[in-house]
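An overview of the molecular structure
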Amino acid sequence: MSTASYLSDRINSLSESATLKMTKLGRELAAQGINVISLSVGEPDFNTPAHVKDAAKKALDDNFTRYSPVPGYPDLRQAVVNKLKNENGLDYDISQIVVSTGAKQSLSNVILTLVNPGDEVIIPTPYWVSYSEMVTLAEGKSVFINTDIESNFKITAEQLEAAITPKSKVFMFSSPCNPTGSVYSKDELAALVKVFEKHPNIFIISDEIYEHINFVDKHESIAQFASVKDRVIIINGFSKAFAMTGWRLGYIAANKEIATANDKLQGQTTSGTCSIAQRAGIVAYEQGLDSVYEMKEAFARRRQLVYDLLNDIPGLKTNLPDGAFYFFPEISSFFGKKDPNGNVIKDSSDLALYLLNFGHIATVGGDSFGNNNYIRLSYAASDDNLKEALRRMKDALGKLV
């Protein structure tokens, strides 16, 4: 019996996560003794702050080792409410907060609770690799709005209006954006809101997980606009700002009906997320952002370092991202060229594999993010590794003919 014959159509329709795939391939080369520099994974290279780890240790000593409430501990949800009020000027109560096992689960929960078969989900490109796959899992249809480096990878109100049809159910985007680092300003969001005001049946998933890694002014949430707030679902969490990727702690803020639906779904799948991680999350939010600012300062320095080095590589075209810790350079000038073995570079995946095998740098092809003419590289790495990685990249790309 072939595998495809007995696995569900649901799982057969899904693609493997490209970012995790490249990380896996890089680890396989490293296991062979090859020095691979990974710029593929979306993970801060900092340790979780000491006071957060101490809170987890205390939670163990205090025996927070049993099942937690499905939507999260009330005091963690209150800490989220306080954060949204104090940092973002947004009013929610704890009945509107649902804590999940990472922002990734939060996203999946929301899509599964909103999208019916055939519903359209509008997604600007480039987008985080799992967005469209989650829509596929919900049997919805992804409708893409294409952007490019000239627009700093941001859509206009006119593009949004043109993408809307009677089947449009959800608009989903991230700001700061993974993979481009683009950040929408308040004025840019206001222009999109004017479109949404004309289409009251469309919900807005606002992925704000990179909120604190923002190099322009302050973070602006589309939920600040009263006319659409009840239709906005904020996705956020602790992984990026507090270097807590392995703790798996995310949440939504939404209207009560959507929050209750997410609670219901989660109750039949994972139930409440890790009790220890939740107790640590309370302390992360209650004890300030000093560690976040230190990390952001390092990212700002690396951003400039990588920007300068990328601009020194012939054939690449790049912009200076306003947030997150990624670059998304345009690489189509290398398509049609051959590597030293005579293999033709046909697309971004080919180029990413070439850089891995010949330059020993792990990046991710832009095709997985909806824009084939680009690659994504993370600068969540040490200065020395970034310098060496970009040296290898320049050398490897120079060997294509």
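Further up the page is the structure itself.
As the structure is a computational prediction, the values presented were derived from the model and not from experiment.

A separate point is the environment of Glu286. Looking at the secondary structure, you find Glu286 in helix H11 (residues 275–286). Given the relative accessible area of 56%, Glu286 is considered exposed. The sequence separation of Glu286 and Met244 amounts to 42 residues, and the corresponding C-alpha distance is 16 Å.

On to the environment of Ile94. Within the fold, Ile94 resides in the loop between helix H5 (74–88) and strand E2 (97–100). Here the alpha-carbon distance between Ile94 and Val80, two residues 14 residues apart in the chain, equals 8.1 Å. Once you skip the residues sitting within four places of it in the chain, Ile94 turns out to touch Pro74, Arg77, Gln78 and Val81.

Bringing the sheet that holds strand E5 (residues 168–174) into the picture now. Taken in spatial order, the 7 strands make up an open sheet running E2-E8-E7-E6-E5-E3-E4, and their pairing is mixed. The strands lining the two open edges of the sheet, one partner per strand, are E2 and strand E4 (141–145). Taking the axes of each pair of neighbouring strands and ignoring which way they run, one obtains an average angle of 20 degrees across the sheet. Note that E2 and strand E8 (residues 250–253) share 4 bridges and pair antiparallel. Bridged to Ile97 within E8 is Ala253.

Turning our attention to the packing of helix H6 (residues 103–114) against helix H7 (residues 130–137). Where H6 contacts H7, the two axes come as close as 9 Å, and the packing angle between them is 40 degrees. Regarding the angle of H6 to H7, the classification is oblique. Helix-helix and strand crossings are classified by hand; for H6 and H7 the assignment is right-handed. In this structure, H6 uses Lys104, Leu107, Ser108 and Ile111 to contact H7, whose residues at the interface are Ser130, Tyr131, Met134 and Val135. Of the residues belonging to the contact of H6 with H7, the class tally is 5 nonpolar, 2 polar and 1 charged.

Moving on, we get to the pattern of salt bridges. Across all of its chains, the model carries 20 salt bridges by this definition. One salt bridge connects Asp54 with Lys57, and the closest N-O pair in it is separated by 3.8 Å. Highlighted residues: Asp54 and Lys57, both in helix H4 (residues 50–61), separated by 3 residues, approximately one helical turn. Through salt bridges with shared partners, one network takes in Asp45, Arg301, Arg302 and Asp383.

Reading the values: rules and limits
Residues numbered from 1 in each chain as written. Predicted model: local features only at pLDDT ≥ 70, side-chain atom pairs only at ≥ 80, totals over all residues. Heavy atoms only, no water. Helix = DSSP H or I, 4+ residues; strand = E, 2+ residues; numbered from the N terminus. Buried < 20%, exposed > 50% of the residue type's maximum accessible area, 1.4 Å probe, protein only. Contact = heavy atoms within 4.5 Å. Pairing = 2+ DSSP bridges. Axes fitted to C-alpha atoms, helices over the stretch in contact; angles between N-to-C directions. Parallel < 35°, antiparallel > 145°, perpendicular 65-115°, else oblique. Left-handed = near helix turned anticlockwise from the far one by under 90°. Nonpolar A, V, L, I, M, F, W, Y, C, P; charged D, E, K, R; others polar. Salt bridge = Lys/Arg side-chain N within 4 Å of Asp/Glu carboxyl O.

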